[in-house]
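Chain by chain, the residues run as shown.
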Amino acid sequence: MSNFDITVGPGTQAKERPVYSRGAREVITAGLVKRYAAEKRFRMFGMAGIAFALLCLFTLFATVVGSGYTAFWQTMIKLDVTLYSQDIDPDGNRDREVISTANFRMPVRQAVFALFPEVKGRQEKRLLKKIISPGAAFQIRKIVLDDPSLIGSKIRILAPVSDDLDQFNKGHISAEVPESDRRVSDMQIAWFERLKQRGLIETTFNWTLFTEGDSREPELAGILGALSGSFYTMVVTLLLSWPLAVGAAIYLEEFAPKNRWTEIIEVNINNLAAVPSIVFGLLGLAVFLNFFGLPRSAPVAGGMVLALMTLPTIIIASRASLKSIPPSIREAALGLGATPLQVVFHYVLPLAMPGVLTGTIIGMAQALGETAPLLMIGMVAFIVDIPGGFTDPATVMPVQVYLWSDAPERAFIERASAAILVLLGFLVMMNAAAVYLRRKFEKNW
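Worth saying up front: this structure is predicted, and the values here are computed from it rather than measured.

Conventions and cut-offs
Residues numbered from 1 in each chain as written. Predicted model: local features only at pLDDT ≥ 70, side-chain atom pairs only at ≥ 80, totals over all residues. Heavy atoms only, no water. Helix = DSSP H or I, 4+ residues; strand = E, 2+ residues; numbered from the N terminus. Rg over C-alpha atoms; globule rule 2.2 N^0.38 Å. Buried < 20%, exposed > 50% of the residue type's maximum accessible area, 1.4 Å probe, protein only. Contact = heavy atoms within 4.5 Å. Axes fitted to C-alpha atoms, helices over the stretch in contact; angles between N-to-C directions. Parallel < 35°, antiparallel > 145°, perpendicular 65-115°, else oblique. Left-handed = near helix turned anticlockwise from the far one by under 90°. Nonpolar A, V, L, I, M, F, W, Y, C, P; charged D, E, K, R; others polar. Expected span 1.5 Å × (residues − 1). Bend = angle between axes of the 7 residues up to and from the residue. Domains from an automatic or database assignment. Buried area = accessible area lost by both parts, 1.4 Å probe. 1 Å grid on protein atoms, 1.4 Å probe; cavity = no way out; pocket = protein on both sides within 12 Å on 5 of 7 lines; lining within 4 Å. Points joined across faces, edges and corners; volume = space filled by probe spheres on them. Phe/Tyr/Trp six-rings, centres within 6.5 Å; stacked < 30°, edge-to-face > 60°. Lys NZ or Arg CZ within 6 Å of the ring centre and 35° of its normal. Core = buried A, V, L, I, M, F, W, Y, C linked by side-chain atoms within 4.5 Å. Pairing = 2+ DSSP bridges.

## Considering the overall build of the chain
When helices and strands are tallied, the chain shows 18 helices and five strands. Taken over C-alpha atoms, the radius of gyration comes to 34 Å for the chain, far larger than the 22 Å a tight globule of 445 residues would show. By its C-alpha atoms, the chain is 115 × 65 × 40 Å across when sized along the principal axes. Every one of the 445 residues in the chain was classed for burial, and the buried ones make up 38%. If you take every contact in the chain between residues at least 6 apart in sequence, the share linking residues at least 24 apart comes to 74%.

## Observations regarding the packing of helix H13 (residues 299–323) against helix H15 (residues 340–368)
In the contact formed by H13 and H15, the axes pass within 8 Å of each other and the chain directions differ by 150°. The orientation of H13 relative to H15 falls into the category roughly antiparallel. When you trace H13 past H15, the crossing you get is right-handed. Between H13 and H15, the residues in contact are Leu-306, Met-309, Thr-310, Thr-313, Ile-314, Ala-317, Ser-318, Ser-321 and Leu-322 and Val-348, Leu-349, Ala-352, Gly-355, Val-356, Gly-359, Thr-360, Gly-363, Met-364, Gln-366 and Ala-367, respectively. Of the residues assigned to the contact of H13 with H15, the class counts are eleven nonpolar, nine polar and no charged.

## Quick word on H15
The terminal C-alpha atoms of H15 lie 36 Å apart, and with 29 residues this falls more than 12% below the ideal 42 Å at 1.5 Å per residue. Of all the bends in H15, the largest measures some 55° and sits at Leu-349, one to four residues before the proline Pro-350.

## Notes on the domain arrangement of the chain
Much of the literature gives interface size as the accessible area that the parts lose upon coming together. Structurally, the chain comprises domain 1 (73–206) and domain 2 (224–442). On a C-alpha basis, the centroid separation for the pair domain 1 and domain 2 is 46 Å. On the domain 2 side, the residues contacting the eight residues of domain 1 number five residues. Carbon and sulfur atoms make up 38% of the surface buried where domain 1 meets domain 2, a total of about 510 Å² over both sides.

## With respect to the layout of surface pockets
By volume, the largest pocket is sized at about 650 Å³. Element by element, the count of residues in the lining of the largest pocket is highest for helix H6 (residues 135–146), at five residues. The class makeup of the residues in the lining of the largest pocket is nine nonpolar, eight polar and five charged. The two domains that each donate at least three residues to the lining of the largest pocket are domain 1 (73–206) and domain 2 (224–442). If you add up the space inside the second largest pocket, you get close to 480 Å³. Along its surface, the second largest pocket is lined by 21 residues, and Lys-129, Lys-130, Ile-132, Ser-133 and Pro-134 are the ones closest to its centre. When residues of the lining of the second largest pocket are traced back to their parent elements, those giving at least two are helix H4 (105–115), helix H5 (122–129), H6 and helix H7 (163–169). Of the residues forming the lining of the second largest pocket, the biggest block, four residues, is contributed by H4.

## Some thoughts on the packing of aromatic side chains
Going through the model one piece at a time under the given rule, you end up with ten aromatic pairs. Here the aromatic rings of Phe-205 and Trp-207 are separated by 4.7 Å at their centres, their planes lie at 65°, and the arrangement is edge-to-face. Take Trp-207: its relative accessible area is 59%, and that puts it in the exposed class. What links up through ring pairs into an aromatic cluster is the set Phe-72, Phe-205, Trp-207 and Phe-210. Seen from the ring of Phe-113, Lys-125 lies directly overhead, with NZ or CZ sitting 5.2 Å from the centre. Its end group placed over the ring of Phe-382, Arg-216 keeps NZ or CZ at 3.8 Å from the ring centre.

## Focus: the nonpolar core
Counting residues in each nonpolar core, the largest one holds 38 residues, and the members touching the most others are Ile-77 and Leu-79. Among the elements of the structure, strand E3 (73–82), H4, H5, H6, strand E4 (154–160), H7 and helix H8 (186–197) are those that each provide at least two residues to this core. For this core, the element with the most residues is H6, which contributes five residues. Among all residues touching Leu-79, those that are not within four sequence positions of it are Val-108, Ala-111, Val-112, Leu-115, Ile-132, Ile-155, Arg-156, Ile-157 and Ala-159.

## Describing the sheet that holds E3
The three strands are arranged E4-E3-E5 in an open sheet whose pairing can be described as antiparallel. Looking at the sheet topology across the chains shown, the edges are occupied by E4 and strand E5 (201–205). With direction set aside, neighbouring strand axes in the sheet form an average angle of 40°. Direction of pairing for E3 relative to E4: antiparallel, over a ladder of seven bridges.

## A closer look at the pairing of E3
Consecutive residues of a regular strand have side chains that alternate between opposite faces of the sheet. As defined by bridge partners, E3 adjoins E5 across five bridges and the pair is classed as antiparallel. Its bridge partner being in E5, Thr-75 is matched across the sheet by Thr-203.

## Quick notes on unusual backbone geometry
Although it is not a glycine, Arg-94 adopts a positive phi angle of roughly 55°. The topology assignment puts Arg-94 in the loop between helix H2 (85–88) and helix H3 (96–100). The class for Arg-94 is partly exposed, based on a relative accessible area of 35%. The residue Ser-297 is not glycine, and still its phi comes out positive at about 60°. Locating Ser-297 in the fold gives a position in the loop between helix H12 (277–289) and H13.

## A few points about empty space enclosed by the protein
Using the criterion set out here, one finds one cavity of 30 Å³ or more in the structure. By volume, the largest cavity amounts to about 30 Å³. What lines the largest cavity is Ser-230, Thr-233, Met-234, Leu-306, Ala-367, Leu-368, Leu-374 and Val-396. When contributions to the lining of the largest cavity are tallied by element, the ones reaching two or more residues are helix H10 (224–255) and H15. Broken down by element, the residue count for the lining of the largest cavity peaks at three residues, all from H10.

As structure tokens, then:
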């Protein structure tokens, strides 16, 4: 039998149609079935991989949110504190220096002891003092310094309880656990329950988390210092990386000759984008700190290190955006008499700016979440004061999370999770801004 049939219809040309034997058709059909089955399996594996990735992402977010959402409120106690003149201002001159050095812990202790007059033993009093945070004394000190006329009177304040009782009130410490396995004693739990029954315990929004710097006491620790350090560091990073990266992208894409040297530069830029971030930290330690003598643990040094790390990302994104502009735009501008420099800065760059801004925001978001290079230049130090400039000692949000996650207290783990949520919020906003700018200003050619 011939392998081809010739079919001729009216008004048509002759066509050859292959004719297969029955065995050949079965082989072809079996092969098609196998290929379709393999494609179906591949699709199922892809969907399973995506589902697994989404499950891991959901688990991560659920863990972080579940551990950190309780840090946004704080357990407070109502205290009636008597401000005796002989303890705070014995001379009665209302001198701020004398008042600021007074022992404000004594009126706090007296107010706590007054809540439970039946407590007489030394050991019991020691446990009773621990239900209140050391921050209560600083709180009263600030109140008296703001209004010295309160000396000699009795005032009511809302003071934070200790971090252990705060964790107990939030359910992170269970009373069912044996007393030897928890940081809160049965006696402290009984006192705390009595205070709740008397209406002296309140739960308020934790403003301290956003208005204070780091502290050794978890209930007094905040992220304002880390936020300020991240802001100053990102300002330095943006001011250094954006002009250099955009200028390099314009030169390489629009003006640089295509030769061996530019190819070497392009390869090195692509390789730098894949270099581990800790290598940039070692470079900053060797050059910026040891050679140039920049202040250690300062935003200016951290910003310079992150600028080096961000440069390749912005250059690559900017070059891709410039390359996407049609050549007809350049040819039309040149035809109208514009110089090559005018063509780039008056026509090409404005049209490519959405992509440039998108790459810049993505690079800055990457820098905002970096920890390893900043650890190498000393931004892991314990910083209590809020930085007021680019050369003040500071830390950043990822490093603050690292420090708190390594602390033994459960309350620090809670605040580390809350700091992660705040950091993720900033990263989501930055990426959303990149997507918005891309969609709003992007033009399809």
